[in-house]
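As a plain string of letters, each chain reads:
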Amino acid sequence: MISRELAGIPFAASLTHHSGELASDADYDGVHFDGLSLDEPRAASSRFIECAFTGVTFQGGRLTKARFRDVWLRDVRLVATGLGETEWADVTVAESVAAGAELFGAQLRRVTLRGCKLDSVNFRGASLTEVIFDGCELLDADFKDATLTRTSFPGSRLTRTDLTGVRMDGTDLRDAELGIIIGPDSLRGATISAAQLIHLAPVLAQTMGITVSDDRVPGAR
């Protein structure tokens with residue numbers, strides 16, 4: 001019997017229930033992780049293929065270099081979880097929360113995050129290709145030195161999001177609320193709206209060393 005929350009997932013009918021802890025360097029194929037509270041899980045270098053996570057909480061732990069392919073996550077919490085150098089392909093994350101999670105050096109391709117809250121998530125040096133942040137809250141997210149290719153943020157709010165040193169190619173920031181930290185070239189390769197350009201003008205001027213002042217020079221006409 002397929003639950004309503006899994007309906008529409010192509011591989012839902014073949015999922016098998018998982019209980020217990022996770023293991024390092026393990027293969028999880030067609031597994032449903034549901035309602036689990038995982039304290040300090042150790043699953044480094046594990047592989048998750050056609051899996052679903054629903055109502056799962058990760059508290060700490062390390063999943064470094066794990067691989068996620070054709071995976072669906074809903075109502076998942078990642079609290080200070082180590083996900084550095086992980087690989088994500090064809091993944092959907094819905095209505096989930098990540099706080100203090102580490103995704104430095106991660107590779108994300110064709111990933112959709114929908115209605116998620118990302119608080120102090122570390123994406124430093126990560127590679128994001130065709131990633132969609134749809135209606136997400138990004139608070140103090142760190143994308144320093146990351147690469148964003150054909151990535152978009154429709155309906156998302158970026159608050160104190162650090163884009164210093166980011167390399168962009170076809171990145172769409174339109175329809176996003178931009179409270180960002182940038183360097184001189186951070187937005188090269190991005191598309192923004194005219195309204196966003198006006199809003200960002202003071203920040204852009206600052207990064208370029210431009211002083212904006214309406215005060216007249218004494219003696220000038």
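Residues numbered from 1 in each chain as written. Predicted model: local features only at pLDDT ≥ 70, side-chain atom pairs only at ≥ 80, totals over all residues. Heavy atoms only, no water.

Trainee: What is the right way to read empty space enclosed by the protein from this model?
Mentor: Where empty space is left in the structure can be found by rolling a water-sized probe over the atoms. Tallying each qualifying case throughout the model produces 2 cavities of 30 Å³ or more. As for the largest cavity, its lining consists of 17 residues, of which Leu 78, Trp 88, Val 93, Leu 113 and Leu 118 are closest to the centre. Contributing elements (two or more residues each) for the lining of the largest cavity: β11 (87-94), β12 (97-99) and β13 (107-114). When residues in the lining of the largest cavity are grouped by element, the largest group, 3 residues, is from β13. Taken together, the residues that form the lining of the largest cavity break down as 16 nonpolar, 1 polar and no charged. (1 Å grid on protein atoms, 1.4 Å probe; cavity = no way out; pocket = protein on both sides within 12 Å on 5 of 7 lines; lining within 4 Å. Points joined across faces, edges and corners; volume = space filled by probe spheres on them. Helix = DSSP H or I, 4+ residues; strand = E, 2+ residues; numbered from the N terminus. Nonpolar A, V, L, I, M, F, W, Y, C, P; charged D, E, K, R; others polar.)

Trainee: Looking at this structure, I do not really get the sheet that holds β12. What am I missing?
Mentor: In sheet architecture, strand pairing relies on hydrogen bonds along the backbone and comes in two forms, parallel and antiparallel. Sheet architecture is open: 8 strands sit in the order β4-β7-β10-β12-β14-β17-β19-β22, paired in parallel fashion. Looking along the sheet, the strands with just one partner apiece sit at the ends: β4 (37-39) and β22 (177-181). Ignoring which end each strand starts from, the neighbouring axes of this sheet average 10 degrees apart. Pairing of β12 with strand β14 (residues 117-119) involves 3 bridges; the strand directions are parallel. In the strand pairing of β14, Val 97 is matched with Lys 117. (Pairing = 2+ DSSP bridges. Axes fitted to C-alpha atoms, helices over the stretch in contact; angles between N-to-C directions.)

Trainee: Even after reading the chapter, I still don't get the pairing of strand β3 (residues 31-34), so can you show me in this structure?
Mentor: Consecutive side chains of a regular strand alternate in pointing toward one face of the sheet and then the other. Strand direction decides the pairing type here: strand β1 (residues 16-18) and β3, joined by 3 bridges, are parallel. Across the sheet, the residue bridging to Thr 16 is Val 31, located in β3. Pairing analysis gives 3 bridges linking β3 to strand β6 (residues 52-54), with the strands arranged parallel. Bridging across to β6, Asp 34 finds its partner in Thr 54.

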